[in-house]
Amino acid sequence: MAYHSVREAMAAFRRAPGLAVLSAMSIGLSLFVLGTFGLVTYNVEVTLRSIERRVEVVAYLRDDVSAAQLEVLQNDVGSFPEVENIDHVSKFDAIRDAMQDLEEFREVFTDLEVNPLPASIEVQLKSEYRDPESVERVAELIALYPFVEDVRYGREWVEKIYQLRRLGGAVAAILGIAFAVVAILIIGTTVRMAVLARREEIIIMKLVGATDGFIRRPFLLEGFITGLAGGLLALLLTYGAYLAVNGSLIDLEWLPPLWAAAGGLAGGVLGLAASDAALRRHLITYA
Amino acid sequence: MIKLINVYKEYPRSGLALKNVSFHLRKGEFAFLIGPSGAGKTTVLRLIHMAEQPTDGEVRVSGYSSGRMKRRDIPKLRRRVGMVFQSFRLLRDRTAAENLAFALEVTGARRSEIKGKVQRLIAQVGLAARAGAYPEELSGGEQQRIALARALIHDPVVLLADEPTGNLDERASRGIFDLTRDINSAGTAVLMATHNLDLVRRYPQYRVIELADGAVVYDSVGETSEPNGVS
Ligand SMILES: Nc1ncnc2c1ncn2[C@@H]1O[C@H](COP(=O)(O)OP(=O)(O)OP(=O)(O)O)[C@@H](O)[C@H]1O
Ligand SMILES: [Mg+2]
């Protein structure tokens, strides 16, 4: 039985190799658009994540904070579920960093008699808590301590990054669906043509008592192989685009293997689904 | 074995094709189905083959009933009911033997048994010498013999023949008819729709069911009055 399906599917490719190549290529191109977009989305994501890693809550401390109070604060904040890491920046660290970072003002700092910069703690959040609400909540909690003078975090930044990422996700989803539909229509048409080309055979199969599964299987296999070929072609094209752009225009990261594998396989699954839909519409009756 | 019980068939655009048709074809019986064009002969055969569902009434075939038929049972039923047509319906890109092998392959026969069975059937219809010929290299009568062999491939209990000699000359027709008689004497029931009244008259021993305008107007076995009789 499996032998029959494989042989019939191969025979279909042999009978109309042009059609098979054409539809695999069309699928490949529409999935290539998707692949390129996936690559861009992935790289935007990587960049956003590295920016996000710099999202931190800074609590400036009053000058009269005691070592014991500081320790309480560090222990308390360190036990928040959102918090990944805490750094203590003493008044001395602050002025030293400032003199390093702002060379133009070095003399101003050196001339000062008292150190005007406050000590602080810098709080990094776990990646899943870098959204605006979580950041704000942590900042508010820290502000409750009486020896905390002020709490700062890049509110606009946090919100912008968050919005960018949501926008990216939405655009990726919409484009993904659009091009998946295109691929499904192409495969569906291919299978429909294959069904029509073999109408006589299908009629005879029904006449002599072949099961629906037996009749459908070669077409499903054909759709799967066509889709898979399209998926692999798309992957190849996307990799080509990556090689062409990477280094010369901008630095990109290639997709993680799981994404790439899923993309290739998605072609096959789309092919299977499209064939199934086309068959449902065309194999219901026998003449 | 085959039973139509008060069967009505309505097609969406052409109205009632069958009106209250009842008859019972027994195991091993031979019956002609006659009547003018459009009387409903093909419709009766398609109902028995479960290619159509009755609008009302019931069709029973070899233990299956139209009303309780599941979609996945239809292939099983079709293997018990062989069918041939006026237009032969052979696949043009396959030889006579390949046409028969195809019918076995697509019903999941083991490859080891296909060759033997094809040879036996091709010999049975008297075409062993032409096994490698394509349909267009065969005469109409020869093509119909291959179609008959294909219809017999699963040892059906009944052979449905829809004007099997409609495209054949006198001599070829006789040959095909004699072959169906042989098939019948081997135990397979035959229901043959035909316009060939000469043939019907020549074999008065066979049952005749006549349709006109979708209704049974004559049945030589006289069963129209007791449609629900015991089988
Ligand atoms: N698929 C269909 N859709 C609509 N009407 C149909 C269909 N098949 C048959 N009919 C109608 O049903 C009636 C009976 O047709 P059927 O083919 O059974 O006649 P028949 O006795 O086989 O005729 P013929 O001797 O010409 O083959 C006709 O009026 C025909 O137009
Ligand atoms: Mg007819």
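Before reading further, recall that the structure is shown in the block above.
Small disclaimer: the values here were computed from a predicted structure and weren't measured.

Novice: Explain the overall build of chain A to me, using residue names and the numbers behind them.
Specialist: When its secondary structure is counted, chain A shows 10 helices and four strands. When the helices and strands of chain A are placed in sequence order, the string is α-α-β-α-β-α-α-β-α-β-α-α-α-α. In terms of overall size, chain A is more extended than a compact globule, its C-alpha atoms giving a radius of gyration of 31 Å where 287 residues would be expected to give roughly 19 Å. Projected onto the principal axes, the alpha-carbon positions of chain A cover approximately 100 × 40 × 30 Å. By the burial criterion, 38% of the 287 residues in chain A qualify as buried.

Novice: Give a detailed account of a nonpolar patch on the surface, specifying residues and quantitative values.
Specialist: Together, L102, F105 and V108 of chain A make up a nonpolar patch on the protein surface, roughly 260 Å² of accessible area in all. Assignment of secondary structure puts F105 of chain A in the loop between helix 4 (91–101) and helix 5 (106–111).

Novice: Describe in detail the interface of chain A and chain B, supporting the description with residues and values.
Specialist: Buried accessible area, meaning the area lost when the parts come together, often serves as the stated size of an interface. In this assembly, 22 residues from chain A lie in contact with 22 residues from chain B. Carbon and sulfur atoms make up 55% of the surface buried where chain A meets chain B, a total of about 2000 Å² over both sides. On the surface where chain A and chain B come into contact, there are three salt bridges. Seen at the junction of chain A and chain B, the total is five residue pairs in polar contact (both at pLDDT 80 or more). By residue class, the composition of the side of chain A that touches chain B is 12 nonpolar, three polar and seven charged.

Novice: I'd like a description of empty space enclosed by the protein, backed by residues and values.
Specialist: Going through the model one piece at a time under the given rule, you end up with three cavities of 30 Å³ or more. Computed from the structure, the largest cavity encloses a volume of approximately 100 Å³. Along its surface, the largest cavity is lined by 14 residues, and L207 and V208 of chain A together with G82, R150 and A151 of chain B are the ones closest to its centre. Every element with two or more residues in the lining of the largest cavity is listed here: helix 2 (74–80), strand 6 (81–85) and helix 5 (140–151) of chain B. Across the lining of the largest cavity, the residue classes break down as eight nonpolar, three polar and three charged.

Novice: An account of helix 3 (residues 96–105) of chain B is requested, with residue identities and associated values reported.
Specialist: A large share of helix 3 of chain B lies buried, amounting to eight of its 10 residues. Buried within helix 3 of chain B we find A96, N99, L100, A101, F102, A103, L104 and E105 of chain B. In the core, the buried residues of helix 3 of chain B are packed alongside helix 1 (2–15), helix 8 (199–207) and helix 9 (212–245) of chain A together with helix 4 (111–124) and helix 5 of chain B.

Novice: Just give me the short version of the packing of aromatic side chains, but keep the residues and values in it.
Specialist: Inspection of every chain in the model, using the stated rule, returns 12 aromatic pairs over all chains. Relative to W254 of chain A, the ring of Y239 of chain A has its centre 4.8 Å away and its plane inclined at 80°; by these criteria the two rings are edge-to-face. You can see Y239 of chain A sitting in helix 9 and its partner W254 of chain A sitting in the loop between helix 9 and helix 10 (257–282), a full 15 residues away along the chain. Looking at W254 of chain A, the relative accessible area reads 25%, which means it is partly exposed. Consider the rings of F177 of chain B and Y203 of chain B, whose centres lie 4.8 Å apart with planes at 45°: the pair is tilted. Here Y203 of chain B lies in the loop between helix 7 (197–202) and strand 9 (207–212) and F177 of chain B lies in helix 6 (residues 170–185), a separation of 26 residues in the sequence. Residue classification places F177 of chain B among the buried residues on the basis of a relative accessible area of 1%.

Novice: Can you tell me about unusual backbone geometry, naming the residues and giving the values?
Specialist: All names here are of chain B. Phi is positive for N20, close to 50°, though the residue is something other than glycine. In this structure, N20 sits in strand 2 (residues 15–25). On the accessibility criterion, N20 (39% relative accessible area) is partly exposed. The phi dihedral of D213 is positive, around 55°, even though this residue is not glycine. One can find D213 in the loop between strand 9 and strand 10 (215–219). Its relative accessible area of 56% is what places D213 among the exposed residues.

Novice: An account of the pattern of salt bridges is requested, with residue identities and associated values reported.
Specialist: Where charged atoms from two side chains of opposite charge come close, those side chains can pair. Using the criterion set out here, one finds 23 salt bridges over all chains in the structure. A salt bridge links R152 of chain A to D150 of chain A, with the shortest nitrogen-to-oxygen separation between them at 3.3 Å. Its relative accessible area of 29% is what places D150 of chain A among the partly exposed residues. Here E58 of chain B ties to R68 of chain B by a salt bridge, and the two come within 3.9 Å at their closest N and O atoms.

Novice: Residue-level account of the nonpolar core, with values.
Specialist: Core analysis: the largest hydrophobic core is formed by 100 residues, its most contacted members being L4, F32 and L191 of chain B. Once residues lying within four places of it in the same chain are set aside, the contact partners of L191 of chain B are F23, L25, A31, L33, L45, I48, L159, L160 and A161 of chain B. Of all hydrophobic cores here, the second largest spans 24 residues; its members include A119, I142, F147 and V158 of chain A.

Novice: Before we move on, can you summarise the site of ligand 1 with the specific residues and values?
Specialist: Residue and element names in this part refer to chain B. Close to ligand 1 lie 13 residues; S14, S37, K41, T42 and T43 are nearest. T42 is positioned with one of its side-chain polar atoms (N or O) 2.7 Å from an oxygen atom of ligand 1. Here an oxygen atom of ligand 1 sits 3.3 Å away from a polar atom, N or O, in the side chain of E163. When ligand 1 sits alone it has 630 Å² of accessible area, and the protein chains cover 62% of it. The greatest single-element share of the shell around ligand 1, amounting to three residues, is contributed by helix 1 (residues 41–48). Classifying every residue of the shell around ligand 1 by side-chain character gives four nonpolar, seven polar and two charged.

Parameters and conventions
Residues numbered from 1 in each chain as written. Chains lettered and ligands numbered in written order. Predicted model: local features only at pLDDT ≥ 70, side-chain atom pairs only at ≥ 80, totals over all residues. Heavy atoms only, no water. Helix = DSSP H or I, 4+ residues; strand = E, 2+ residues; numbered from the N terminus. Rg over C-alpha atoms; globule rule 2.2 N^0.38 Å. Buried < 20%, exposed > 50% of the residue type's maximum accessible area, 1.4 Å probe, protein only. Patch = residues over 30% accessible without salt bridge, like charges linked within 9 Å, V, L, I, M, F, W, Y side chains within 5 Å. Areas by Shrake-Rupley, 256 points an atom, 1.4 Å probe, with all protein chains shown as cover. Salt bridge = Lys/Arg side-chain N within 4 Å of Asp/Glu carboxyl O. Contact = heavy atoms within 4.5 Å. Buried area = accessible area lost by both parts, 1.4 Å probe. Polar contact = N/O pair within 3.5 Å; in protein donor to acceptor, adjacent residues only side chain to side chain. Nonpolar A, V, L, I, M, F, W, Y, C, P; charged D, E, K, R; others polar. 1 Å grid on protein atoms, 1.4 Å probe; cavity = no way out; pocket = protein on both sides within 12 Å on 5 of 7 lines; lining within 4 Å. Points joined across faces, edges and corners; volume = space filled by probe spheres on them. Phe/Tyr/Trp six-rings, centres within 6.5 Å; stacked < 30°, edge-to-face > 60°. Core = buried A, V, L, I, M, F, W, Y, C linked by side-chain atoms within 4.5 Å. Near = heavy atom within 4 Å.

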